[in-house]
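A structural walkthrough
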Protein chains: 2
Amino acid sequence: MLLNASRAAEIMQDNGLDALVATTPENVLYLGGYWAMSQWVRRGPQAYVMYSRTKAELCIITSTSLLDLVADQNPGGQVRRFSYFRTDVDPSATLSAEDQRQVALFSDREYKGPVDALVAALTDDVGGSARIGIDELGITPQCMEELIQRLPQATFVRSFKLFEKIRAIKTPEEIARLRMACSITERSIDRALDAATEGMTELEMARVFHSTTTSLDGVPVTGCIGFGDRSAMSNVQPSSRQLRRGDVIRFDVGCRYRHYRSDISRIAAVGEPTAKVRDYHNALWLGVQRAHDIAKPGLRVATLFNEVVETVRRNGIPHYERSHVGHGIGIDGYDPPNIAADSSDVLEENMVVCVETPYYELGFAGLQVEDMILITRDGSESLMARDGRLRILAI
Amino acid sequence: MLLNASRAAEIMQDNGLDALVATTPENVLYLGGYWAMSQWVRRGPQAYVMYSRTKAELCIITSTSLLDLVADQNPGGQVRRFSYFRTDVDPSATLSAEDQRQVALFSDREYKGPVDALVAALTDDVGGSARIGIDELGITPQCMEELIQRLPQATFVRSFKLFEKIRAIKTPEEIARLRMACSITERSIDRALDAATEGMTELEMARVFHSTTTSLDGVPVTGCIGFGDRSAMSNVQPSSRQLRRGDVIRFDVGCRYRHYRSDISRIAAVGEPTAKVRDYHNALWLGVQRAHDIAKPGLRVATLFNEVVETVRRNGIPHYERSHVGHGIGIDGYDPPNIAADSSDVLEENMVVCVETPYYELGFAGLQVEDMILITRDGSESLMARDGRLRILAI
């Protein structure tokens, strides 16, 4: 199960919520275990999951055209469908379990639109005057207006941030997926660096990187791969720039594995690096090492931030400045906590965080170490198979 | 240029709009030529493009942390940035043109948040009491409330649909990208089918498909690849189901090429197909052929829908029913027109449409033909290199 159910119940209670309604792709998947394709690929298509606290019940609200996905994924809970979609059935065939489930789902009532189905679910499960936490970033303004109008006695509380707070502490299934996503990306970096040759373009290296991710059953996501001075662009996108001796190569990359994200950074130098590259990179690496050393439940996130930044400053980049040195990661690339000076969060067991020390200097290079770290009962565990030391390529 | 500027001006005039504001990733890219990474990978991060009709001027509103992308992509127009981000500069280095542009962008005023920057752009370019068309699906409810509060004299008109209407007629650059996206996906299907062997899983075939797309500089997107009875699931996601003699293979797949989408469907049979597969597929193929034959500027979309459905019915599937038989395609997988019975649209030169005749029968199979078609001055042009006839694999 992806959902941290006990944490959800606790946070709903603290906020006096009778129901939670997920509307963004990430929260629909997290709360209901339901991956509703159309909302992942476009803005506009509506799919919701409603969770009622008193009944501890889930209801998926989805377009009829996606019922095959519900049947195939079989996430459990109630389903309410809306809009027309035609699927035929061969009456002479023996149907698979998935197809039998789909036929059963089609036999349920068809609501006119998503709000009709959501209103019915809320009315039946928590009543029309409930206090409802709604993820405000996935529902269209038109649907939100209609919902308020249809349930005039209900109180709606914007809850995207509460969903993030619930997601911050990972379940075992989530941790397993994050481990694999991390491993796929590490291996994709290794393969891309193994393929490095003088004259290879950033685009060609990105192709090796993404193809490796695909071959390992990861789903490619946008990433940064930059050579030489281009590595200093914080969001560098692969171009036709060719690899030359003396370049650094910066990877700030990830993938999705069963919908869960990785986000890691590694630097390689082509040939003997300059003293500045070596020294600066070492300072950044020591900053992340400091996080590995001190991270544990109870540590204030603001303290972690200060320790990492101070370590980098003391070890070679005295002017080092960052707004954050990392973030949680899960179904979204940026879960809480945001590792920043003004954070009031505290590390907790089963958080998974990316700790990163990027340094961008135009005219010089971009250098960066980013590791994924699991907070354990009494400390932390690196999810990385290889450490983040500067790699030197002899090509 | 991606933007159809004359059409935008005309539609703004018809709707009495002084300004248009793009807020979703697709519309920000379309209107401003600016690909703002963070809004593509998550919900929440804000980036806007404002276009003023009277001044015919564009203004990009973006986080400071994305200025390197503005500098690298160099889309033109004004830029207003918000929030703090640190980038260093090597004072001894000779900067590249991209880095010089980034330094110049950093020297501009830093607004506190996205709404501060947008309010400044609107106030300066169209005045505080203008009529403003705003793409309502990318701006957060919080930012939208703040915007209304900050510009109490302005009138805001929800304009996501107007953006879609502008995008319906493609510019030459858009058509070139769509051609390439289509070609990459066709070649990826060919390679995946060439690799077919008995016992291969859907996931393994998907890996060949997506790796080919990556190797051709396409970006993989979620697609449907299903074998045998699984092909009847309308959104079938690749599983560990193995390929067997007698199966059909259904592809409903695409990619992105320079952000533009493809969406095509092809069916293969493993070994000699049954008469039902052959006959039904032929009817579906003739339906799409009918679209190729009659599509031209001036044809009512509702007529196109009826002709396609009737052709399928007359040629072998008398009970064929669909809510639509295709859609426009561009930067989004579903641009107007929606090819449906109730459409009031008319085909116009430089529309690019996907015409599709899917048929899903649980216990039998899913069969589907989907071609990409460009509407030309006096007819249409297929973007497909190979036609959609049933392919028979002798493996």
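A quick note: this is a predicted structure, and the numbers were derived from the prediction, not measured.

Analysis parameters
Residues numbered from 1 in each chain as written. Chains lettered and ligands numbered in written order. Predicted model: local features only at pLDDT ≥ 70, side-chain atom pairs only at ≥ 80, totals over all residues. Helix = DSSP H or I, 4+ residues; strand = E, 2+ residues; numbered from the N terminus. Contact = placed C-beta atoms within 7 Å. Nonpolar A, V, L, I, M, F, W, Y, C, P; charged D, E, K, R; others polar. Pairing = 2+ DSSP bridges. Buried ≥ 20, exposed ≤ 12 C-beta atoms within 10 Å, placed from the backbone. Axes fitted to C-alpha atoms, helices over the stretch in contact; angles between N-to-C directions. Left-handed = near helix turned anticlockwise from the far one by under 90°. Least-squares fit on C-alpha atoms with pLDDT ≥ 70 in both.

1. Examining the overall build of chain A
Along chain A, the regular secondary structure elements total 12 helices and 22 strands. Once the C-alpha set of chain A is aligned to its principal axes, its extents read approximately 70 × 50 × 35 Å. Residue pairs at least 24 apart in sequence account for 69% of intrachain contacts in chain A once pairs closer than 6 positions are excluded.

2. Topic: the interface of chain B and chain A
Counting residues at the interface gives 57 residues for chain B and 57 residues for chain A. Take the side of chain B that touches chain A: its biggest share by element is 6 residues, from helix α10 (residues 202-215) of chain B. Residues of the side of chain B that touches chain A, tallied by class, amount to 22 nonpolar, 19 polar and 16 charged. The sheet contact formed by strand β18 (residues 359-362) of chain A and strand β5 (residues 88-89) of chain B spans 2 bridges and is parallel. Along β5 of chain B, the bridge assignment pairs glutamate 361 of chain A with aspartate 88 of chain B.

3. What to know about the pairing of strand β2 (residues 48-52) of chain B
Residue and element names in this part refer to chain B. With respect to burial, β2 is a largely interior element, 5 of its 5 residues being buried. Every second residue of β2 is oriented toward a common face, with Tyr48, Met50 and Ser52 on one face and Val49 and Tyr51 on the other, all of them buried. The pairing of strand β1 (residues 19-22) with β2 spans 4 bridges and is classified as antiparallel. Residue valine 21 lies in a different strand from β2, and its bridge partner there is methionine 50. Where β2 meets strand β3 (residues 57-63), 5 bridges bridge the pair, whose relative direction is antiparallel. What sits directly across from tyrosine 48, in β3, is isoleucine 61. Taking the residues between adjacent antiparallel strands as the criterion, β2 and β3 are bridged by 4 residues, where alanine 56 takes a positive phi near 50°.

4. Details of the packing of helix α11 (residues 275-294) of chain B against helix α12 (residues 301-314) of chain B
All names here are of chain B. At a minimum axis distance of 7 Å, the contact between α11 and α12 shows a crossing angle of 145°. Crossing angle aside, the handedness with which α11 passes α12 is right-handed. Residue-level inspection shows Ala283, Leu284, Leu286, Gly287, Arg290, Ala291 and Ile294 of α11 in contact with α12, the latter providing Leu304, Glu307, Val308, Thr311 and Val312. Looking at the contact of α11 with α12 residue by residue, the classes come out as 8 nonpolar, 2 polar and 2 charged.

5. Brief notes about the relation of the copies chain B and chain A
Overlaying chain B with chain A gives an RMSD of 0.0 Å, the required rotation being 180° about an axis along which the chain moves by 0.0 Å. Here the symmetry operator amounts to a two-fold rotation axis. Considering only C-alpha atoms, the residue of chain B closest to the rotation axis is serine 211 of chain B, which sits at 2.6 Å. A shared binding surface is used by both copies, with 100% of the interface residues of chain B retained as interface residues in chain A.

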